[in-house]
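Secondary and tertiary structure notes
Single-letter residue listing:
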Amino acid sequence: MTPTSESTVRLRPGEGAIARLACLVLQPALTRVVRRVAARHPSLFARLGPHQTTDFLIDPVELPFALHLRPDPQALVFRAVPRESAPQAGATIRGRFLLLLELIDAEQDGDAAFFSRDLEVSGDTEAVVRLRNALDDMDGSLAEEASAMFGAPGRAVLARLRRAYPDATKPREYA
Amino acid sequence: MSLAELICPAGTPAALRTAVDAGADAVYCGFQDATNARNFPGLNFTPDELAEAVAYAHARGTKLLLALNTYPPAGKVDLWRQAADTGARLGVDSFIVADMGVADYIARTYPGIRLHLSVQAAASSPEAIRYYCENFGVKRVVLPRILTIPEIRQIRREIPCEIETFIFGNHGLMVEGRCSLTNYLTGQSTNMDGVCSPASDVEYVRDADGSMSSQLAGFTIDRFGPEEKTGYPTICKGRYAAPHRPEGYYAFEEPISLNLSRLLPDLIEAGVHAFKIEGRQRSKSYVRGVVRAFRAAVDDIKAGREANIADLIALTEGQKQTQGAFETKKWR
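Remember, it's a predicted structure, so these values are computed and weren't measured experimentally. (Residues numbered from 1 in each chain as written. Chains lettered and ligands numbered in written order. Predicted model: local features only at pLDDT ≥ 70, side-chain atom pairs only at ≥ 80, totals over all residues. Heavy atoms only, no water.)

Examining the overall build of chain B
For chain B, the count of helices and strands is ten helices and 15 strands. A compact globule built from 332 residues would reach a C-alpha radius of gyration of about 20 Å, and chain B, at 19 Å, matches this within 12%. Considering only C-alpha atoms, chain B reaches an extent of 60 × 50 × 40 Å along its principal axes. The proportion of buried residues among the 332 residues of chain B is 61%. Once local pairs closer than 6 in sequence are excluded, the contacts in chain B between residues at least 24 apart make up 61%. (Helix = DSSP H or I, 4+ residues; strand = E, 2+ residues; numbered from the N terminus. Rg over C-alpha atoms; globule rule 2.2 N^0.38 Å. Buried < 20%, exposed > 50% of the residue type's maximum accessible area, 1.4 Å probe, protein only. Contact = heavy atoms within 4.5 Å.)

A word on the side chain of Ser261(B)
All names here are of chain B. Within the secondary structure, Ser261 sits in the loop between strand E13 (257-259) and helix H8 (264-269). On the basis of relative accessible area, Ser261 is assigned to the buried category, the value being 6%. Dropping the residues within four chain positions of it, Ser261 is found in contact with Phe294 and Ile309.

Quick word on the interface of chain A and chain B
Contacts between the two partners involve 30 residues from chain A, matched on the other side by 46 residues from chain B. Together chain A and chain B conceal approximately 3,100 Å² of surface at their shared face, both sides included; 47% is due to carbon and sulfur atoms. Here chain A is connected to chain B by six salt bridges. Linking Glu49(B) and Arg47(A) is a salt bridge whose minimum nitrogen-to-oxygen distance equals 3.1 Å. Applying the counting rule to chain A against chain B returns 22 residue pairs in polar contact (both at pLDDT 80 or more). Elements represented by at least two residues in the side of chain A that touches chain B include exactly helix H4 (110-115), strand E5 (120-123) and helix H5 (125-136) of chain A. With seven residues, the single largest contributor to the side of chain A that touches chain B is H5(A). Taken together, the residues that form the side of chain A that touches chain B break down as nine nonpolar, seven polar and 14 charged. (Buried area = accessible area lost by both parts, 1.4 Å probe. Salt bridge = Lys/Arg side-chain N within 4 Å of Asp/Glu carboxyl O. Polar contact = N/O pair within 3.5 Å; in protein donor to acceptor, adjacent residues only side chain to side chain. Nonpolar A, V, L, I, M, F, W, Y, C, P; charged D, E, K, R; others polar.)

Here we look at the nonpolar core
Ranked by internal contacts, the top residues of the largest apolar core, which has 85 residues, are Leu16(B), Leu50(B), Phe95(B), Ile167(B), Leu267(B) and Phe275(B). By size, the runner-up hydrophobic cluster in this structure holds 46 residues, among which are Phe115(A), Met149(A), Val202(B) and Ile221(B). (Core = buried A, V, L, I, M, F, W, Y, C linked by side-chain atoms within 4.5 Å.)

What about the sheet that holds strand E8 (residues 202-206) of chain B?
All names here are of chain B. Strands sit in the order E8-E9-E10 across an open sheet of three strands; the sheet is antiparallel. Where the open sheet ends on each side, the last strands, each with one partner, are E8 and strand E10 (219-224). Across the sheet, the axes of successive neighbouring strands diverge by a mean angle of 25°, strand direction being ignored. (Pairing = 2+ DSSP bridges. Axes fitted to C-alpha atoms, helices over the stretch in contact; angles between N-to-C directions.)

A look at the pattern of salt bridges
Where charged atoms from two side chains of opposite charge approach closely, those side chains can pair. Residues and elements named next belong to chain B. In the structure shown here, the tally under the stated rule is 36 salt bridges over all chains. With a shortest N-O distance of 2.9 Å, Asp300 and Arg305 are connected by a salt bridge. According to the relative accessible area criterion, Asp300 is buried, its value standing at 14%. Via salt bridges that share partners, Glu5, Lys63, Arg114, Arg140, Glu162, Glu164 and Lys276 belong to a single interconnected network.

Observations regarding the packing of aromatic side chains
A full pass over the atoms with the stated rule returns ten aromatic pairs over all chains. Aromatic side chains Phe115(A) and Tyr232(B) sit 5.0 Å apart centroid to centroid with 85° between the ring planes, which places their arrangement in the edge-to-face category. Residue Phe115(A) is located in helix H4, and its partner Tyr232(B) is located in the loop between E10 and strand E11 (239-242); the two belong to separate chains. Residue classification places Phe115(A) among the buried positions, given a relative accessible area of 0%. Where Tyr131(B) meets Tyr132(B), the ring centres are 6.4 Å apart and the plane angle is 85°; that geometry is what we call edge-to-face. One aromatic cluster in this structure is built from Phe114(A), Phe115(A), Tyr204(B) and Tyr232(B). The positively charged end of Arg145(B) is found above the aromatic ring belonging to Phe166(B), 4.1 Å away from the centroid. (Phe/Tyr/Trp six-rings, centres within 6.5 Å; stacked < 30°, edge-to-face > 60°. Lys NZ or Arg CZ within 6 Å of the ring centre and 35° of its normal.)

These figures capture arrangement, not role.
Following this line, the structure appears as structure tokens:
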């Protein structure tokens, strides 16, 4: 993997430092979350097939960093990375943070988000489709599961996130 | 009044449980191979998963239909026979088939299991449908999406089997069961490999101005402006320039979804036995939203109430919907 070209990333003053700090703070939590999910949902790796070793870049557009996922059960990678040093990914998935979270939790439909242009994908489309199908076959809420790992503080953070995005966090009833 | 069964899609075990819990009368699914027309990466069921799915569905009074609705190429029919053998062993309620050879094998080997004729068979005349009924014991035909309701009513009078119609989802018509457009670019067959626009050949390219191009096997098949809604990257829904339309236009079909929610009473009156929701490739969120909406609507109609039709536009392709040929042959 090679870092993304800096010429494609425009940073506001101080943003780079904030992103690096946020990544440092988040990393222990991300590592715990991905290990827990892998242990509790081993069947998702079968649906990933040959794309267990693909590098995915998950890019929440309003956050100062992106997330790098390599869902290799032998060497899991899930880390926050400043955009200016994000790896050249095999596939990139881009959208608002809560939309991405709700797609994982099956509260939103990925195809519908794509049709509406709220979700962008680039790179290896098969890898994206496999990841989507693998995650969609998980029961329960990954957000709830991850927040519960950190007890009351974790649940408080999730609740605060959802308050910040009231429309994006309601289960969509389409009615 | 017809039974008005709700037939719902499931691409994963979790989606199947979602469909059952949302009120499906039957759920249709397929194996992870070319025997069904949604042979997409990471989708569908292993035999072990199907066994659990059958148990889950039956425990809740829901039927499980197995789609074997592609056409075996010469020399490869064993894959379809083995899939039928596995489905029969696991206790599926019906097979959905398109190919006469597959239908014949199942009819002879498993005469106690219902056969449904897939939309992929493109049987749209009473004569064709009766042929399948008389020779293979087909109990239900899934009609192509090219017929008006009066035509469906007429067909119902002339055939000895049940009728199933699509009511929501993909509206890719062409000559159903015979579409070969994907083959021209990818070498893979919708009809024999079960893949339309295989994901491995699809690429989305974002331009600097926010536009997006969808490409299949290196060919651009559509380009969307920054605010324009998109559809699936299929050739039949691509936008093309032609001498008489140099600005580019949808030469075959538009990115649009079928939605017959307002025609449900007419379809029931015409004798339709079952309503099919398309979308095994869609998420649990889609399955939950669409199945709940149509469950409520069908229940209202059967109870003699006016149906409260949910707004499903957010889930449609291109965020557009149509009643297609069911309303008029001139829908385009």
